[in-house]
Amino acid sequence: MSEKESCTYEEYKQTSDWLLSKTKHRPIVAIVCGSGLGGLGELLKDQQAFNYCDIPNFPKSTVPGHAGRLIFGNLSGKPCVCMQGRFHFYEGYPLWKVTFPVRVFHLMGVEAIILTNAAGGLNQEFSVGDIMVIKDHINMVGFAGQNPLFGHNEDRFGPRFPPMSDAYNKNMRSLLLAAGKELGYNNMREGVYCGLGGPNFETIAECRFLNKLGADAVGMSTVHEVVVARHCGLRILGISLITNKAVMDYDSNFTANHEEVLQAGKDSAKYMEKLVSTFLQRLDLNKV
Ligand SMILES: O=P(O)(O)O[C@H]1O[C@H](CO)[C@@H](O)[C@H]1O
Ligand SMILES: Nc1nc2[nH]cnc2c(=O)[nH]1
(Lines give C-alpha, C1' and ligand atoms only; values in the text may rest on other atoms or scores of the structure.)
(Ligands and ions follow the chains in the order given, each with its own letter.)
Protein backbone atom coordinates (compact mmCIF):
# COMPACT_ATOMS: atom_id res chain seq x y z
CA MET A 1 0.00 0.00 0.00
CA SER A 2 1.54 3.35 -0.98
CA GLU A 3 -0.71 5.48 1.27
CA LYS A 4 0.57 5.79 4.87
CA GLU A 5 -1.44 3.32 6.97
CA SER A 6 -1.38 5.14 10.31
CA CYS A 7 0.91 7.39 12.29
CA THR A 8 3.27 6.60 15.12
CA TYR A 9 2.94 7.43 18.79
CA GLU A 10 5.90 9.77 18.29
CA GLU A 11 4.03 11.78 15.65
CA TYR A 12 1.02 12.34 17.96
CA LYS A 13 3.50 13.27 20.68
CA GLN A 14 5.35 15.66 18.37
CA THR A 15 2.13 17.57 17.69
CA SER A 16 1.09 17.55 21.33
CA ASP A 17 4.54 18.75 22.48
CA TRP A 18 4.57 21.45 19.77
CA LEU A 19 1.20 22.81 20.90
CA LEU A 20 2.14 22.67 24.59
CA SER A 21 5.33 24.57 23.80
CA LYS A 22 3.38 27.31 21.98
CA THR A 23 0.60 27.90 24.50
CA LYS A 24 0.34 28.44 28.22
CA HIS A 25 -3.12 26.87 28.22
CA ARG A 26 -3.49 23.36 29.64
CA PRO A 27 -6.93 22.17 28.45
CA ILE A 28 -8.90 19.48 30.27
CA VAL A 29 -11.95 19.60 27.96
CA ALA A 30 -11.93 19.40 24.16
CA ILE A 31 -14.84 20.68 22.08
CA VAL A 32 -15.36 19.71 18.43
CA CYS A 33 -17.64 22.05 16.48
CA GLY A 34 -20.01 20.52 13.96
CA SER A 35 -21.08 22.09 10.66
CA GLY A 36 -22.20 25.66 11.25
CA LEU A 37 -21.47 25.43 14.98
CA GLY A 38 -18.05 27.08 14.95
CA GLY A 39 -19.40 29.95 17.07
CA LEU A 40 -18.73 27.80 20.14
CA GLY A 41 -15.05 28.54 19.61
CA GLU A 42 -15.66 32.30 19.83
CA LEU A 43 -16.92 31.89 23.41
CA LEU A 44 -13.51 30.98 24.77
CA LYS A 45 -11.96 33.64 27.00
CA ASP A 46 -8.28 34.59 26.93
CA GLN A 47 -8.03 32.75 23.66
CA GLN A 48 -5.10 31.71 21.53
CA ALA A 49 -5.78 30.28 18.07
CA PHE A 50 -3.75 28.26 15.59
CA ASN A 51 -4.62 27.62 11.96
CA TYR A 52 -4.61 23.90 11.24
CA CYS A 53 -2.19 24.49 8.36
CA ASP A 54 0.42 25.77 10.86
CA ILE A 55 0.20 22.78 13.24
CA PRO A 56 2.65 19.94 12.53
CA ASN A 57 0.96 16.76 11.22
CA PHE A 58 -2.56 18.30 11.32
CA PRO A 59 -4.86 17.70 8.34
CA LYS A 60 -6.58 20.67 6.67
CA SER A 61 -10.28 21.55 6.75
CA THR A 62 -11.92 21.49 3.31
CA VAL A 63 -15.66 21.75 4.13
CA PRO A 64 -17.64 25.06 4.20
CA GLY A 65 -18.70 25.76 7.78
CA HIS A 66 -15.47 24.26 9.20
CA ALA A 67 -13.01 27.13 9.65
CA GLY A 68 -9.88 25.07 10.35
CA ARG A 69 -8.73 26.69 13.60
CA LEU A 70 -7.71 25.22 16.92
CA ILE A 71 -8.59 27.58 19.76
CA PHE A 72 -7.34 27.40 23.34
CA GLY A 73 -9.04 29.33 26.14
CA ASN A 74 -11.39 29.15 29.11
CA LEU A 75 -15.09 28.51 28.94
CA SER A 76 -17.18 28.74 32.11
CA GLY A 77 -13.93 28.58 34.05
CA LYS A 78 -12.75 25.32 32.44
CA PRO A 79 -9.57 25.25 30.35
CA CYS A 80 -10.65 24.10 26.90
CA VAL A 81 -9.35 23.42 23.43
CA CYS A 82 -11.84 23.83 20.61
CA MET A 83 -11.72 22.52 17.05
CA GLN A 84 -13.44 25.05 14.82
CA GLY A 85 -13.86 22.49 12.09
CA ARG A 86 -13.46 18.73 12.03
CA PHE A 87 -12.28 16.24 9.43
CA HIS A 88 -14.55 13.82 7.59
CA PHE A 89 -13.95 10.52 5.83
CA TYR A 90 -15.55 11.86 2.63
CA GLU A 91 -12.87 14.56 2.40
CA GLY A 92 -10.57 11.72 1.40
CA TYR A 93 -8.78 11.35 4.72
CA PRO A 94 -8.14 7.89 6.16
CA LEU A 95 -9.88 7.48 9.51
CA TRP A 96 -6.65 7.65 11.54
CA LYS A 97 -6.22 11.16 10.07
CA VAL A 98 -9.87 12.11 10.64
CA THR A 99 -9.35 11.30 14.33
CA PHE A 100 -5.74 12.52 14.65
CA PRO A 101 -6.58 15.47 16.98
CA VAL A 102 -8.36 13.24 19.52
CA ARG A 103 -5.16 11.42 20.50
CA VAL A 104 -3.23 14.69 20.48
CA PHE A 105 -5.76 16.11 22.97
CA HIS A 106 -5.39 13.00 25.15
CA LEU A 107 -1.60 13.44 25.20
CA MET A 108 -2.05 17.13 26.11
CA GLY A 109 -3.97 16.14 29.25
CA VAL A 110 -7.57 16.48 28.04
CA GLU A 111 -9.95 14.29 30.08
CA ALA A 112 -13.33 14.89 28.44
CA ILE A 113 -14.48 15.62 24.90
CA ILE A 114 -17.67 17.29 23.69
CA LEU A 115 -18.46 16.27 20.11
CA THR A 116 -21.11 18.35 18.38
CA ASN A 117 -22.58 17.76 14.96
CA ALA A 118 -25.30 18.76 12.54
CA ALA A 119 -27.59 15.83 11.80
CA GLY A 120 -30.69 14.88 9.88
CA GLY A 121 -33.67 13.88 12.02
CA LEU A 122 -34.89 10.35 11.30
CA ASN A 123 -37.14 10.17 14.34
CA GLN A 124 -40.49 11.50 13.14
CA GLU A 125 -41.04 13.28 16.45
CA PHE A 126 -37.93 15.42 15.99
CA SER A 127 -38.05 18.95 14.55
CA VAL A 128 -35.41 21.20 13.06
CA GLY A 129 -33.67 22.99 15.94
CA ASP A 130 -34.01 20.07 18.39
CA ILE A 131 -30.91 19.24 20.36
CA MET A 132 -30.26 15.51 20.73
CA VAL A 133 -27.95 14.17 23.41
CA ILE A 134 -26.34 11.13 21.84
CA LYS A 135 -26.86 8.06 24.01
CA ASP A 136 -25.45 5.55 21.53
CA HIS A 137 -24.43 5.22 17.92
CA ILE A 138 -24.51 2.94 14.89
CA ASN A 139 -21.19 3.05 13.07
CA MET A 140 -22.10 2.13 9.50
CA VAL A 141 -18.62 2.94 8.23
CA GLY A 142 -17.27 0.53 10.83
CA PHE A 143 -19.68 -2.15 9.58
CA ALA A 144 -18.15 -1.61 6.14
CA GLY A 145 -14.71 -2.47 7.54
CA GLN A 146 -13.32 1.06 7.99
CA ASN A 147 -12.25 1.76 11.55
CA PRO A 148 -9.72 4.28 12.88
CA LEU A 149 -8.26 1.55 15.14
CA PHE A 150 -7.55 -0.68 12.15
CA GLY A 151 -3.97 -1.99 11.98
CA HIS A 152 -1.31 -2.15 14.70
CA ASN A 153 -2.73 -1.41 18.16
CA GLU A 154 -0.78 1.22 20.05
CA ASP A 155 -1.10 -0.12 23.63
CA ARG A 156 -0.01 3.25 25.07
CA PHE A 157 -3.37 4.63 23.87
CA GLY A 158 -5.63 1.71 24.75
CA PRO A 159 -6.51 -1.98 24.37
CA ARG A 160 -6.82 -3.96 21.13
CA PHE A 161 -10.53 -4.59 21.73
CA PRO A 162 -12.09 -1.56 23.42
CA PRO A 163 -15.72 -1.71 24.58
CA MET A 164 -18.20 0.77 23.06
CA SER A 165 -21.36 -0.05 25.03
CA ASP A 166 -20.51 2.66 27.56
CA ALA A 167 -18.95 5.16 25.13
CA TYR A 168 -21.32 8.07 25.86
CA ASN A 169 -20.81 9.07 29.50
CA LYS A 170 -24.09 8.65 31.40
CA ASN A 171 -23.39 11.36 33.98
CA MET A 172 -22.46 13.90 31.34
CA ARG A 173 -25.62 13.05 29.40
CA SER A 174 -27.75 13.65 32.50
CA LEU A 175 -25.86 16.87 33.22
CA LEU A 176 -26.54 18.19 29.72
CA LEU A 177 -30.24 17.35 29.92
CA ALA A 178 -30.36 19.07 33.33
CA ALA A 179 -28.62 22.13 31.86
CA GLY A 180 -31.24 22.23 29.10
CA LYS A 181 -34.01 22.03 31.66
CA GLU A 182 -32.44 24.78 33.74
CA LEU A 183 -32.36 26.99 30.63
CA GLY A 184 -36.03 26.26 29.95
CA TYR A 185 -35.35 24.44 26.66
CA ASN A 186 -38.25 22.27 25.52
CA ASN A 187 -36.35 20.91 22.51
CA MET A 188 -33.93 18.57 24.29
CA ARG A 189 -34.00 14.96 23.06
CA GLU A 190 -31.96 11.84 23.63
CA GLY A 191 -31.28 9.32 20.88
CA VAL A 192 -29.10 7.17 18.67
CA TYR A 193 -26.84 8.77 16.04
CA CYS A 194 -26.00 6.85 12.90
CA GLY A 195 -22.67 7.69 11.26
CA LEU A 196 -22.40 7.21 7.49
CA GLY A 197 -19.49 7.89 5.14
CA GLY A 198 -21.15 10.55 2.97
CA PRO A 199 -20.77 12.85 1.12
CA ASN A 200 -24.17 12.26 -0.49
CA PHE A 201 -27.28 12.64 1.61
CA GLU A 202 -29.44 9.55 2.02
CA THR A 203 -32.06 8.07 -0.25
CA ILE A 204 -35.60 7.73 1.08
CA ALA A 205 -35.21 3.96 1.38
CA GLU A 206 -31.95 4.43 3.32
CA CYS A 207 -33.62 6.83 5.77
CA ARG A 208 -36.47 4.41 6.35
CA PHE A 209 -34.00 1.56 6.81
CA LEU A 210 -31.85 3.49 9.31
CA ASN A 211 -34.90 4.55 11.29
CA LYS A 212 -36.10 0.93 11.45
CA LEU A 213 -32.65 -0.05 12.72
CA GLY A 214 -33.13 2.28 15.69
CA ALA A 215 -31.35 5.43 14.57
CA ASP A 216 -32.90 8.79 15.53
CA ALA A 217 -30.47 11.03 13.65
CA VAL A 218 -28.01 10.62 10.81
CA GLY A 219 -24.75 12.33 9.92
CA MET A 220 -21.29 11.85 8.42
CA SER A 221 -19.03 12.30 11.43
CA THR A 222 -18.57 11.80 15.18
CA VAL A 223 -18.56 7.98 15.40
CA HIS A 224 -14.88 7.71 14.41
CA GLU A 225 -13.88 10.35 16.96
CA VAL A 226 -15.90 8.48 19.58
CA VAL A 227 -14.15 5.17 18.82
CA VAL A 228 -10.71 6.75 19.25
CA ALA A 229 -11.72 8.82 22.29
CA ARG A 230 -13.20 5.76 24.06
CA HIS A 231 -10.08 3.74 23.16
CA CYS A 232 -7.84 6.23 24.99
CA GLY A 233 -10.21 6.63 27.94
CA LEU A 234 -11.69 10.09 27.35
CA ARG A 235 -15.12 10.81 28.77
CA ILE A 236 -17.43 11.56 25.87
CA LEU A 237 -20.46 13.80 25.39
CA GLY A 238 -22.11 13.83 21.96
CA ILE A 239 -24.62 16.50 20.90
CA SER A 240 -26.51 16.52 17.59
CA LEU A 241 -28.30 19.61 16.40
CA ILE A 242 -31.16 18.49 14.16
CA THR A 243 -30.63 20.73 11.13
CA ASN A 244 -33.08 19.09 8.73
CA LYS A 245 -35.69 16.38 8.69
CA ALA A 246 -34.55 13.31 6.78
CA VAL A 247 -36.73 12.72 3.71
CA MET A 248 -38.79 9.61 4.46
CA ASP A 249 -41.72 10.13 2.11
CA TYR A 250 -41.86 9.62 -1.68
CA ASP A 251 -44.36 12.50 -1.97
CA SER A 252 -41.92 14.99 -0.44
CA ASN A 253 -40.42 17.67 -2.69
CA PHE A 254 -37.71 18.47 -0.18
CA THR A 255 -34.08 17.52 -0.76
CA ALA A 256 -31.37 17.86 1.90
CA ASN A 257 -28.60 20.38 1.25
CA HIS A 258 -25.57 21.72 3.07
CA GLU A 259 -26.67 25.39 2.87
CA GLU A 260 -29.77 24.58 4.87
CA VAL A 261 -27.67 22.61 7.37
CA LEU A 262 -25.40 25.63 7.87
CA GLN A 263 -28.37 28.00 8.18
CA ALA A 264 -30.00 25.80 10.83
CA GLY A 265 -26.67 25.78 12.69
CA LYS A 266 -26.59 29.58 12.60
CA ASP A 267 -30.22 29.83 13.74
CA SER A 268 -29.55 27.61 16.79
CA ALA A 269 -26.02 28.78 17.53
CA LYS A 270 -26.95 30.91 20.54
CA TYR A 271 -28.97 28.06 22.13
CA MET A 272 -26.15 25.58 21.63
CA GLU A 273 -23.61 28.03 23.00
CA LYS A 274 -25.64 28.76 26.14
CA LEU A 275 -26.22 25.04 26.64
CA VAL A 276 -22.55 24.07 26.37
CA SER A 277 -21.49 26.98 28.62
CA THR A 278 -24.04 26.01 31.28
CA PHE A 279 -23.01 22.36 31.04
CA LEU A 280 -19.35 23.29 31.56
CA GLN A 281 -20.24 25.44 34.56
CA ARG A 282 -21.87 22.40 36.18
CA LEU A 283 -19.24 19.87 35.08
CA ASP A 284 -17.05 18.42 37.83
CA LEU A 285 -14.65 15.95 36.24
CA ASN A 286 -14.18 14.19 39.60
CA LYS A 287 -17.85 13.28 39.55
CA VAL A 288 -18.48 12.03 36.00
O1 LIG B 1 -21.12 16.15 11.24
P2 LIG B 1 -20.80 17.57 10.93
O3 LIG B 1 -19.35 17.83 10.85
O4 LIG B 1 -21.51 18.51 11.87
O5 LIG B 1 -21.39 17.87 9.47
C6 LIG B 1 -22.60 17.37 8.95
O7 LIG B 1 -23.03 18.30 7.99
C8 LIG B 1 -22.47 17.97 6.70
C9 LIG B 1 -23.59 17.84 5.70
O10 LIG B 1 -24.33 19.02 5.61
C11 LIG B 1 -21.75 16.63 6.87
O12 LIG B 1 -20.38 16.83 7.04
C13 LIG B 1 -22.39 16.11 8.13
O14 LIG B 1 -21.58 15.17 8.83
N1 LIG C 1 -25.87 12.08 6.33
C2 LIG C 1 -26.45 13.22 6.71
N3 LIG C 1 -25.71 14.15 7.29
C4 LIG C 1 -26.33 15.28 7.68
N5 LIG C 1 -25.83 16.36 8.28
C6 LIG C 1 -26.85 17.22 8.48
N7 LIG C 1 -27.98 16.72 8.01
C8 LIG C 1 -27.68 15.51 7.50
C9 LIG C 1 -28.46 14.49 6.88
O10 LIG C 1 -29.66 14.59 6.67
N11 LIG C 1 -27.79 13.37 6.50
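This is a predicted model, so every value here is computed, not measured.

**Some thoughts on the nonpolar core**
Working step 1: Core analysis: the largest hydrophobic core is formed by 47 residues, its most contacted members being Leu19, Leu70, Phe105 and Ile113.
Working step 2: Leaving out residues up to four positions away in the same chain, Leu19 has contacts with Phe50, Ile55, Leu70, Phe72, Val104 and Met108.
Working step 3: By size, the runner-up hydrophobic cluster in this structure holds 30 residues, among which are Cys80, Cys82, Ile239 and Val288.

**Considering helix H4 (residues 100–108)**
Working step 1: Across the 9 residues that make up H4, a large majority, 7, are buried.
Working step 2: Among the residues of H4, those classed as buried are Phe100, Pro101, Val102, Arg103, Val104, Phe105 and Met108.
Working step 3: Gly109 lies just past H4 and shows a positive phi near 105°.

**Observations concerning the site of ligand 2**
Working step 1: Around ligand 2, the surrounding shell consists of Ala118, Ala119, Gly120, Phe201, Glu202, Val218, Gly219, Met220, Thr243, Asn244 and Val261.
Working step 2: Take Ala118: an N or O atom from its main chain is 3.3 Å from a nitrogen atom of ligand 2.
Working step 3: The contact in question runs from a nitrogen atom of ligand 2 to an N or O atom on the side chain of Asn244, over 2.6 Å.
Working step 4: Coverage of ligand 2 by the protein amounts to 94% of the 280 Å² it exposes when considered alone.
Working step 5: Mapped onto the shell around ligand 2, the elements with two or more residues apiece are strand S5 (112–121), strand S8 (217–219) and strand S9 (235–245).
Working step 6: Take the shell around ligand 2: its biggest share by element is 3 residues, from S5.
Working step 7: Per-class residue counts for the shell around ligand 2 are 6 nonpolar, 4 polar and 1 charged.

Basis of the calculations
Once a new chain begins, its residue numbering starts again from 1 and follows that chain's sequence as written. Note on labels: chains are lettered from A, ligands numbered from 1, in written order. Local features in this predicted model are restricted to residues whose pLDDT is 70 or higher, and side-chain atom pairs enter the listing and the counts only when it is 80 or higher, whereas totals over whole chains, interfaces and linings include all residues. As a rule here, side-chain values come from all non-hydrogen atoms in the structure, and water together with hydrogens is ignored. The definition of a nonpolar core used throughout is a set of buried Ala, Val, Leu, Ile, Met, Phe, Trp, Tyr and Cys residues joined through side-chain atoms within 4.5 Å. Accessible area is worked out with a 1.4 Å probe on protein chains only. A residue is then buried under 20% of its type maximum, exposed over 50%, and partly exposed in between. Here a residue-residue contact requires only that any non-hydrogen atoms of the pair lie within 4.5 Å. Comment: elements are numbered from the N terminus, with helices defined as DSSP H or I runs of at least four residues and strands as E runs of at least two. Any residue with a heavy atom positioned within 4 Å of a molecule or strand is treated as near that molecule or strand. Pairs of N or O atoms are called polar contacts if they sit within 3.5 Å, as long as, within protein, a hydrogen donor faces a hydrogen acceptor (for residues adjacent in sequence, only side-chain-to-side-chain pairs). Accessibility throughout is a Shrake-Rupley quantity obtained with a 1.4 Å probe, and a residue counts as covered only by protein chains that appear here. Residues are sorted three ways: Asp, Glu, Lys and Arg are charged, Ala, Val, Leu, Ile, Met, Phe, Trp, Tyr, Cys and Pro are nonpolar, and all the rest, Gly among them, are polar.

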